[in-house]
Number of protein chains: 2
Amino acid sequence: MDEYHFNEPEPLINLIKALKRLPGIGIRSARRIAYHLMQYDLDGAGFLSKSLSDAVASLRHCVSCNGFSETELCFTCASDFRDKRLLCIVENPSDQNSVESSHGYKGLYYVLMGRVSPLDGVGPKELNFQKIFDRVHAGNVEEVIIATGFTAEGETTAQFLIDMFSSANIKTSRLARGVPAGSELEYIDAGTIAWALIDRKIIN
Amino acid sequence: MDEYHFNEPEPLINLIKALKRLPGIGIRSARRIAYHLMQYDLDGAGFLSKSLSDAVASLRHCVSCNGFSETELCFTCASDFRDKRLLCIVENPSDQNSVESSHGYKGLYYVLMGRVSPLDGVGPKELNFQKIFDRVHAGNVEEVIIATGFTAEGETTAQFLIDMFSSANIKTSRLARGVPAGSELEYIDAGTIAWALIDRKIIN
Ligand SMILES: [Zn+2]
Ligand SMILES: [Zn+2]
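Calculation criteria
Residues numbered from 1 in each chain as written. Chains lettered and ligands numbered in written order. Predicted model: local features only at pLDDT ≥ 70, side-chain atom pairs only at ≥ 80, totals over all residues. Heavy atoms only, no water. UniProt positions renumbered as here; feature names shortened; annotations may be inferred. Donors = N, O, S within 2.8 Å, 3.2 Å for Na, K, Ca; no water. Tetrahedral: all angles 85-135°; square planar, octahedral: opposite > 155°, others 65-115°. Helix = DSSP H or I, 4+ residues; strand = E, 2+ residues; numbered from the N terminus. Buried < 20%, exposed > 50% of the residue type's maximum accessible area, 1.4 Å probe, protein only. Domains from an automatic or database assignment. Contact = heavy atoms within 4.5 Å. Salt bridge = Lys/Arg side-chain N within 4 Å of Asp/Glu carboxyl O. Buried area = accessible area lost by both parts, 1.4 Å probe. Polar contact = N/O pair within 3.5 Å; in protein donor to acceptor, adjacent residues only side chain to side chain. Nonpolar A, V, L, I, M, F, W, Y, C, P; charged D, E, K, R; others polar.

An unreviewed UniProt entry annotates chain A as Recombination protein RecR originating from Candidatus Kinetoplastidibacterium desouzai TCC079E. According to its UniProt record, chain A has this under Function (unreviewed entry): "May play a role in DNA repair. It seems to be involved in an RecBC-independent recombinational process of DNA repair. It may act with RecF and RecO."

Below is the structure:
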């Protein structure tokens, strides 16, 4: 069916366009969500509008770990109870949460907010690997634990990181392959991740 | 995995909650969308926020057809070129658009914004059938064309409408069953809908 309807009011068209821009939302879903909100959940529409503007206004990246934060330094990075000699590199905040929930790690994190994906034009430069390298050097990090996913893109990302740290003689490890190959970290149970942390393999 | 992450900033949690409230969006999709917006599309987040608040502030239901409108009377209802003796009752604006795109109809509309669904607690009262009845009486409507879907719920809705108009001796028709059974109107091509309009069957 057509994207736009006969004589549809402009605020409704704009709302459908804005929803369609979200990842994974097609024109039909966008239209269904817009109708639902305008017909049954005006409060939900207002809540989402406010949450979006609040998030845009107040969220930033932690200067140390690159995760989302309201403050310059996030809660985890600012904590006195974390072992600052260990730095665990993850792809996204959900992966960080998976590692945290294993209760097997008390070091710090760096959140890539992505992974190397040559097909999408995402390489070490786009992910700002230089910043990670500077972070490791400046922070007296004794071991970098690479916890990217065991997917093709996660492995590629890991290899780039390993190469970078190897040439600088920085001790680098990777989560043990207790994690089933081909899966994303965020789908793995805490016990498996705890084992993968214990079995992490020193690479250089 | 958990719904909420360790030490996640509150504006991010609020955004994920607001997205999760949308129909068809689960916790994983909500989180993925939130990360995407905050990482890659702050403009899109701002656009969606503004579109939502604009829509909430300016959209209302047309007093005549119940469709979405910025004005008291929508563009279609206010037009001098529509045949006011015909009233076509549809489930939602997408169905209205399907009928319009058939170019086989020049009358007016009433948009139910739903359909009778006893399991969801939606009956004639929730859909405000009395308002439709009053609209038909007040507007000198000579024929009501029922264009609800040929699904179980669409048929139930049609039967309620037919019963209501029959007892008041109002001429009522239904789109011809040229529309494949079990499908939604919005998925049907314009030609099939044009034939279904021509073949509409007078019920009483
Ligand atoms: Zn941080
Ligand atoms: Zn109208």
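There's plenty left to go through after this.
1. Quick notes on the coordination of the zinc ion (ligand 1)
All names here are of chain A. Note on the zinc ion (ligand 1): its protein donors are Cys-62 (SG), Cys-65 (SG), Cys-74 (SG) and Cys-77 (SG). The metal-donor distances range over 2.3 Å. In this structure, the zinc ion (ligand 1) is coordinated by four donor atoms arranged in tetrahedral fashion, with angles at the metal of 105 to 118°. In primary-sequence terms, the residues that donate to the zinc ion (ligand 1) follow C-x2-C-x8-C-x2-C. Highlighted residues: Cys-65 in the loop between strand S1 (60-61) and strand S2 (68-69) and Cys-77 in helix H4 (residues 75-78), separated in sequence by twelve residues. Side by side, Cys-65 and Cys-77 carry an identical accessibility label, which is buried.

2. Looking at the coordination of the zinc ion (ligand 2)
Residue and element names in this part refer to chain B. For the zinc ion (ligand 2), the protein coordination sphere consists of Cys-62 (SG), Cys-65 (SG), Cys-74 (SG) and Cys-77 (SG), at 2.3 Å. Coordination geometry of the zinc ion (ligand 2): the four donor atoms subtend angles of 105 to 117° at the metal centre, consistent with an arrangement described as tetrahedral. All donors to the zinc ion (ligand 2) come from one chain, and their sequence spacing reads C-x2-C-x8-C-x2-C. Judged by relative accessible area, which is 2%, Cys-65 ranks as buried.

3. A look at the domain arrangement of chain A
Splitting chain A by domain gives domain 1 (10-58) and domain 2 (82-176). Computed from C-alpha atoms alone, the centre-to-centre distance between domain 1 of chain A and domain 2 of chain A is 34 Å.

4. Digging into helix H1 (residues 10-20) of chain B
Looking only at H1 of chain B, the buried set comprises Pro-11, Leu-12, Ile-13, Leu-15, Ile-16, Ala-18 and Leu-19 of chain B. Tucked into the core, H1 of chain B has its buried residues touching helix H3 (42-58) and S2 of chain A together with helix H2 (27-40) of chain B.

5. What to know about the pattern of salt bridges
All names here are of chain A. For the structure shown, the criterion picks out 18 salt bridges over all chains. Where Glu-100 meets Arg-82, a salt bridge forms, and the shortest distance between an N and an O atom there is 2.7 Å. Of this pair, Glu-100 sits in helix H5 (residues 93-101) while Arg-82 sits in the loop between H4 and strand S3 (83-90), and the two are 18 residues apart along the sequence. Of the residues examined, Arg-82 reaches a relative accessible area of 12% and is grouped as buried. Residue Glu-153 is joined to Arg-115 by a salt bridge in which the shortest nitrogen-to-oxygen separation is 3.1 Å. Taken as a pair, Glu-153 in helix H7 (residues 152-166) and Arg-115 in the loop between strand S4 (107-111) and helix H6 (129-138) lie far apart in primary sequence, 38 residues in all. By relative accessible area, which is 24% here, Arg-115 ends up partly exposed. Look at the salt bridges and you will find they share partners, linking Glu-91, Arg-115 and Glu-153 into a network.

6. Focus: the interface of chain A and chain B
With 63 residues of chain A at the contact, the number on the chain B side is 64 residues. Between chain A and chain B, a total of about 5600 Å² is buried, with carbon and sulfur atoms accounting for 68% of that surface. At the boundary of chain A with chain B, the tally comes to two salt bridges. Of the charged contacts in the structure, one is a salt bridge between Asp-41 of chain A and Arg-21 of chain B, with a shortest N-O distance of 2.8 Å. Counting across the interface, chain A meets chain B through nine residue pairs in polar contact (both at pLDDT 80 or more). Contributing elements (two or more residues each) for the side of chain A that touches chain B: helix H1 (10-20), helix H2 (27-40), H3, S2, H4 and H5 of chain A. It is H3 of chain A that provides the largest number of residues to the side of chain A that touches chain B, a total of 14 residues. Looking at the side of chain A that touches chain B, its residues break down into 31 nonpolar, 20 polar and twelve charged.

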